[in-house]
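# Remarks on the overall topology
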Amino acid sequence: MQAISLHKSWTERLEEPRSPWHVPVISSEGLRLEPMHVEHAPALAWQYRDPAIAAKTLLPPMADFQTAEHWVRHRLNHRLVVPYVLLHREHGLVGSTEMTVSGEEAFLCVWIGADWQGRGLGRRMVAMACEHAFRCGAETVLTAAFDDNIASLRTLRGYGFSDMTIRAEAP
C-alpha cells in the first residue's frame, strides 16, 4: 500500500503544471535534483541528523521526521524559495539545496547529508542547481559560507564562486 501511495503521489506531482523553477533536474551521473515534497521528510531528517549541519547552515534542528515535515511545509509555502532534494539513483536522498529567487538573482543554500559528505556530491549539486538557475533566467547566483566551513568554501570555490570582501559575523 505504501508503494502504491508513493507512486500515486509521484505521478500526480509529475503531471501537475509547474514553472521552470519547479521541475526535476537530472544529471548523467545518476543524480537528480527533485523539487522537495513532504514525502522527503523522513529521509531528510535522517541525513540532517548531524548537529554540525544545522550549525553550518543556520537551519533549525530537525530531531525527527515530524519536525522535518513541518520545516518542509514551511519552505514549500514560501513563495520566493525553491527547495530541492538531491537524490542518488542507488542511495536515495543525499542532500538538499534551495534557491531564494528575486527577479534575476538567486541565493543558493546547500547541505550534504551526514552519510555522504566528502564524496564530491556537494560540488555536483551546486553545479546542477546553478546551471538550472541560469536556465530559469537568473543572471546572478549568490551564496554564503562561514570562514570556518572549509568543506563548503572548497565546494563553492571549486564551482567558480569567488570571495567577496564583506563578511558576516558568525552567530
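Preceding this paragraph is the structure being described.
About the cut-offs
Residues numbered from 1 in each chain as written. Predicted model: local features only at pLDDT ≥ 70, side-chain atom pairs only at ≥ 80, totals over all residues. Heavy atoms only, no water. Helix = DSSP H or I, 4+ residues; strand = E, 2+ residues; numbered from the N terminus. Buried < 20%, exposed > 50% of the residue type's maximum accessible area, 1.4 Å probe, protein only. Contact = heavy atoms within 4.5 Å. Axes fitted to C-alpha atoms, helices over the stretch in contact; angles between N-to-C directions. Parallel < 35°, antiparallel > 145°, perpendicular 65-115°, else oblique. Left-handed = near helix turned anticlockwise from the far one by under 90°. Core = buried A, V, L, I, M, F, W, Y, C linked by side-chain atoms within 4.5 Å. Phe/Tyr/Trp six-rings, centres within 6.5 Å; stacked < 30°, edge-to-face > 60°. Lys NZ or Arg CZ within 6 Å of the ring centre and 35° of its normal. Pairing = 2+ DSSP bridges. Salt bridge = Lys/Arg side-chain N within 4 Å of Asp/Glu carboxyl O.

Along its length, the chain carries six helices and six strands. Helices and strands in the chain line up, N terminus first, as α-β-β-α-α-α-β-β-β-α-β-α. Within the span of the chain, comprising 171 residues, buried residues form 39% of the whole. If you take every contact in the chain between residues at least 6 apart in sequence, the share linking residues at least 24 apart comes to 58%.

Here we come to the packing of helix H5 (residues 121-135) against helix H6 (residues 150-159). Between two packed helices, the angle of one axis relative to the other and the distance separating the axes together describe the packing. Two elements in contact, H5 and H6, have axes separated by 9 Å at closest approach and are oriented at 45°. On the basis of the axis angle, H5 is oblique to H6. As for the relative orientation of H5 and H6, their crossing is right-handed in sense. Contacts between H5 and H6 pair Gly122, Arg123, Val126, Ala127, Cys130 and Glu131 from the former with Arg154, Thr155, Leu156, Gly158 and Tyr159 from the latter.

Moving on to the nonpolar core. Counting 25 residues, the largest nonpolar core has Trp21, Leu33, Leu86, Met99, Leu108 and Val141 as the members making the most contacts within it. Within the residue set of this core, elements represented by two or more residues are strand S2 (31-35), strand S3 (81-88), strand S4 (92-102), strand S5 (105-112) and H5. Of the residues forming this core, the biggest block, seven residues, is contributed by H5. Among all residues touching Leu33, those that are not within four sequence positions of it are Val23, Pro24, Val25, Tyr84, Val85, Leu86, Thr97, Met125, Met128 and Ala129. Core analysis: the next-biggest nonpolar cluster, separate from the first, contains 17 residues, Ile53, Ala68, Val72 and Val85 among them.

So, about the environment of Glu131. Secondary-structure assignment places Glu131 in helix H5. Along the backbone, Glu131 and Val141 are 10 residues apart, and their C-alpha atoms lie at a distance of 9.9 Å.

Turning our eyes to something else, we now look at unusual backbone geometry. Positive phi values are uncommon outside glycine, yet Leu58 reaches one of about 65°. Inspection of the secondary structure assignment puts Leu58 in the loop between helix H3 (51-57) and helix H4 (65-76). Here Leu58 falls in the exposed class, since its relative accessible area comes to 52%.

One pass over the structure, following the stated rule, counts two aromatic pairs. Between Tyr48 and Trp111 the ring centres are 5.1 Å apart and the planes differ by 65°, which places this aromatic pair in the edge-to-face class. With a gap of 63 residues between them, Tyr48 in the loop between helix H2 (41-47) and H3 and Trp111 in strand S5 connect regions that are remote in the sequence. The ring of Trp46 has Arg49 lying over it, and the distance from NZ or CZ to the ring centre is 3.8 Å.

Taken together, the six strands give an open sheet; going across it, the order is S1-S2-S3-S4-S5-S6, and neighbouring strands pair in mixed fashion. A single partner strand is all that each edge strand has here, and the edge strands are strand S1 (25-26) and strand S6 (140-143). As paired elements, S1 and S2 share two bridges and run antiparallel to each other. Counted as the bridge partner of Ile26 is Arg32 from S2.

Here we take up the pattern of salt bridges. All told, the structure shown has six salt bridges when counted by the stated rule. The salt bridge involving Glu34 is made with Arg32; its shortest N-O contact spans 3.1 Å. For Glu34, a relative accessible area of 11% corresponds to the buried category. With a relative accessible area of 23%, Arg32 lands in the partly exposed category. Where Arg75 meets Glu98, a salt bridge forms, and the shortest distance between an N and an O atom there is 2.7 Å.

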